[in-house]
Amino acid sequence: MKQHYSLPVRLCHWATLFLVAVQLSAVMLNKLVYDTRPILSETLVQTHISLGGLIFIVTFFRLGARIFNPAPALPSKAILRWGAIVAHASLYICLFILPVTGYLRLAALGFEVEIFGIISLPVIELNTSLAAFATRSHRICSIAFITLVSAHFAAAALHQRLDGNAVLSRMGFKRS
Ligand code: HEM
Ligand code: HEM
C-alpha cells in the first residue's frame, strides 16, 4: 500500500504553500503602503500577480502529477474520508479560481497583465461589470481559501497529534 504522495505532488504542495505565503504577504503589505509609497506598492502588486500566475502553473502541473500517480489511501471512516475529499477538492478549486478572477479583475479594466515580465496574458475588451464581479469573487474566494487552509492545517496537526497516524509524513520527505 502506498504511504506517500508522489514526489512531484509533494514538491508542488510545499512550493505552493511558500508561494501563497509570499504573495499574500505582498498584497497585505500593499494595503499599508498604498497611499504613501507608490513605487513599492506597484512592486508588491506585481509580485502578487506574478506569483499568482506561477501558482496557477504549479497547480496545473500538480493536478497532472496527481492524476497519473495514485495517492495513498484516505481514512476508512466515511465521514473522515469525505471530509478530506471535499476539503482537498475545494482547495484545488480555489487555486484555479483565484488566478482567473485576479486576471479578470485587471484585464476587464483594460490593464495588460504580465507574469514576471515574460508571459503576457490576453488583452480583453473593457467591461467594468465583469471587473466588479471578478473583484468581488477574488475577494470572497481569497477569504474562503484562507479559511480552508487554516482548517486544513488544523486538521493535519490534530490527526498527527491524536491518531499518531503520521499524516504529515504522507506529504513529507522523511523516509521511515
Ligand atoms: C492563489 C492565488 C491568489 C491569491 C490567494 C490571491 C489573494 C488575494 C487577496 C487576499 C487579495 C486582497 C483582497 C482584495 O483586495 O481583493 C488580493 C488582491 C488582489 N489580487 Fe490576488 N490572489 C491570487 C492571485 C492573483 C492573480 C494571479 C492576480 C492577477 C493576475 C491577482 C490580482 C490581484 C489584484 C490586482 C489585487 C488588488 C491589489 C490591491 O490593489 O491591493 N491575484 N488577492
Ligand atoms: C497553501 C496552503 C496549502 C494548500 C493549498 C494545501 C493543499 C492540499 C491539498 C489539495 C492536499 C491533497 C493532496 C492531493 O490530493 O493532491 C493536501 C494534502 C496535505 N496537506 Fe496541504 N495544503 C496547504 C498547506 C498545508 C499545511 C500548512 C500543512 C501542514 C503543516 C499541510 C499538510 C498536508 C498534509 C499532511 C496532506 C496529506 C493529507 C492526506 O491526504 O493524508 N498542508 N494539501
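Cut-offs used in this document
Residues numbered from 1 in each chain as written. Chains lettered and ligands numbered in written order. Predicted model: local features only at pLDDT ≥ 70, side-chain atom pairs only at ≥ 80, totals over all residues. Helix = DSSP H or I, 4+ residues; strand = E, 2+ residues; numbered from the N terminus. Buried ≥ 20, exposed ≤ 12 C-beta atoms within 10 Å, placed from the backbone. Contact = placed C-beta atoms within 7 Å. Near = placed C-beta within 6 Å. Nonpolar A, V, L, I, M, F, W, Y, C, P; charged D, E, K, R; others polar. Domains from an automatic or database assignment. Axes fitted to C-alpha atoms, helices over the stretch in contact; angles between N-to-C directions. Parallel < 35°, antiparallel > 145°, perpendicular 65-115°, else oblique. Left-handed = near helix turned anticlockwise from the far one by under 90°.

A. Focus on the overall build of the protein. The number of helices and strands found in the protein is four helices and two strands. Principal-axis analysis of the C-alpha atoms places the extent of the protein at approximately 50 × 35 × 30 Å. Relative to its full complement of 176 residues, the protein shows a buried share of 14%. Pairs at least 24 residues apart make up 67% of the contacts formed inside the protein by residues separated by at least 6 positions.

B. Highlighting the site of ligand 2. Near ligand 2 there are 20 residues, and of these Val20, His88, Leu91, Ala156 and Met171 occur at the shortest range. Mapped by element, the contributors of at least two residues to the shell around ligand 2 are α1 (7-33), α3 (78-107) and α4 (128-162). Split into classes, the residues belonging to the shell around ligand 2 amount to 14 nonpolar, four polar and two charged. Here the shell around ligand 2 spans two domains, since at least three of its residues come from each of domain 1 (1-73) and domain 2 (76-168).

C. A look at the packing of α1 against helix α2 (residues 38-68). Running from amino to carboxyl end, α1 crosses α2 at an angle of 160°, the nearest separation of the two axes being 9 Å. By the criterion of interaxial angle, the relationship of α1 to α2 is roughly antiparallel. The chirality of how α1 crosses α2 is left-handed.

D. Just the site of ligand 1, in detail. Gly52, Leu98, Pro99, Gly102 and Ser142 are the nearest of the 22 residues found near ligand 1. Those elements that provide at least two residues to the shell around ligand 1 are α1, α2, α3 and α4. The dominant element in the shell around ligand 1, judged by the number of residues it contributes, is α3, at seven residues. By residue class, the composition of the shell around ligand 1 is 13 nonpolar, seven polar and two charged. For the shell around ligand 1, the domains that each give at least three residues are domain 1 (1-73) and domain 2 (76-168).

E. Quick peek at the packing of α3 against α4. Relative orientation of the contacting elements α3 and α4 amounts to 150°, with a least axis distance of 8 Å. Our classification of the angle between α3 and α4 gives roughly antiparallel. Seen along the crossing, α3 lies across α4 with a hand that is left-handed. For the contact of α3 with α4, the per-class residue count stands at 14 nonpolar, eight polar and one charged.

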